[in-house]
Amino acid sequence: MSCEHLICARCSNPVVEGRCPTCREARSELHRHGPVVPPALVLAALVALLFVALVLRRVYG
């Protein structure tokens, strides 16, 4: 869903223009995406996974 064709009930202007606080809030809710995972956290998880794999390989290999 996009806000291009939505009309604000409060100010009667297109929501995409964000002329009033209600428009801006609706626009931000529509364009809000899921939680963003920092790249450093992804890299740390990959390093931890690699470490676990190496330890398991040494123990069982």
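Here, residues in each chain are numbered from 1, in the same order as that chain's written sequence. Residue-level local features of this predicted model are given only where pLDDT is at least 70; pairs of side-chain atoms are given and counted only at 80 or more, and the full residue set underlies all totals for whole chains, interfaces and linings. Note that water and hydrogens are dropped before the side-chain values are worked out from all heavy atoms of the structure.

1. With respect to the overall build of the protein chain
Right, so step 1: Within the protein chain one finds two helices and zero strands.
Right, so step 2: What you see for the protein chain is a C-alpha radius of gyration of 23 Å, clearly larger than the 10 Å of a compact globule of 61 residues, by over 25%.
Right, so step 3: Seen along its three principal axes, the alpha-carbon backbone of the protein chain occupies a region of about 70 × 20 × 10 Å.
Right, so step 4: Exposure classes here rest on a 1.4 Å probe applied to the protein chains alone. A residue is buried below 20% of its type maximum, exposed above 50%, and partly exposed in between. Among the 61 residues that make up the protein chain, the fraction classed as buried is 10%.
Right, so step 5: Excluding contacts between residues fewer than 6 apart, the proportion of contacts in the protein chain whose partners are at least 24 apart in sequence is 18%.
Right, so step 6: The Shrake-Rupley method, run with a 1.4 Å probe, gives the accessible areas here. Residue values count only the displayed protein chains as cover. Summing over all exposed atoms, the protein chain offers an accessible surface of approximately 5,400 Å²; the carbon and sulfur share of this is 65%.
Right, so step 7: A positive count includes Lys and Arg, and a negative count includes Asp and Glu. His and the chain ends are not counted in either. Where a charge sits is defined by one atom per residue type, namely NZ (Lys), CZ (Arg), CG (Asp) or CD (Glu). Side-chain charges in the protein chain split into 7 positive and 4 negative, and the spacing between the mean points of these groups amounts to 14 Å. To qualify as a helix, a DSSP run of H or I must reach at least 4 residues; to qualify as a strand, a run of E must reach at least 2; elements of each kind are numbered from the N terminus. The globule rule used here is 2.2 Å times the number of residues to the 0.38 power, and the radius of gyration it is set against is calculated over C-alpha atoms. Residues are treated as being in contact if the distance between any of their heavy atoms lies within 4.5 Å.

2. A closer look at the pattern of salt bridges
Right, so step 1: Salt-bridge detection follows one rule: a side-chain nitrogen of Lys or Arg within 4 Å of a carboxyl oxygen of Asp or Glu. In the structure shown here, the tally under the stated rule is one salt bridge.
Right, so step 2: Across the pair Arg19 and Glu17 runs a salt bridge whose closest N-O atoms are separated by 2.7 Å.
Right, so step 3: We classify Arg19 as exposed; its relative accessible area is 54%.
Right, so step 4: You can call Glu17 partly exposed: its relative accessible area is 40%.

3. Here's the deal with helix α2 (residues 39–60)
Right, so step 1: To estimate the expected span of a helix, count its residues, drop one, and scale the result by 1.5 Å. Helix length check: α2 (22 residues) gives 31 Å between terminal C-alpha atoms against 32 Å at 1.5 Å per residue, within 8%.
Right, so step 2: The element α2 is barely covered by neighbouring structure, given that only zero of its 22 residues are classed as buried.

4. Describing a nonpolar patch on the surface
Right, so step 1: For patch building, the residue pool is restricted to those with more than 30% relative accessible area and no salt bridge; the joining distance is 9 Å between like charges and 5 Å between nonpolar side chains (Val, Leu, Ile, Met, Phe, Trp, Tyr). Side chains of Phe51, Val52, Val55, Leu56, Val59 and Tyr60 sit close together on the surface and give an oily, nonpolar patch of about 650 Å² of accessible area.
Right, so step 2: Turning to its location among the elements, Tyr60 is positioned in helix α2.

5. Comments concerning the state of the cysteines
Right, so step 1: Disulfide: a pair of cysteine sulfur atoms within 2.5 Å of each other. Scanning the entire structure with this criterion turns up zero disulfides.
Right, so step 2: Looking at the unpaired Cys20, the closest cysteine sulfur is the one in Cys23, lying at 3.5 Å.

6. Some words on the environment of His33
Right, so step 1: In this fold, His33 is placed in the loop between α1 (21–30) and α2.
Right, so step 2: Counting along the chain gives 19 residues from His33 to Val52, while the straight-line C-alpha distance between them is 32 Å.

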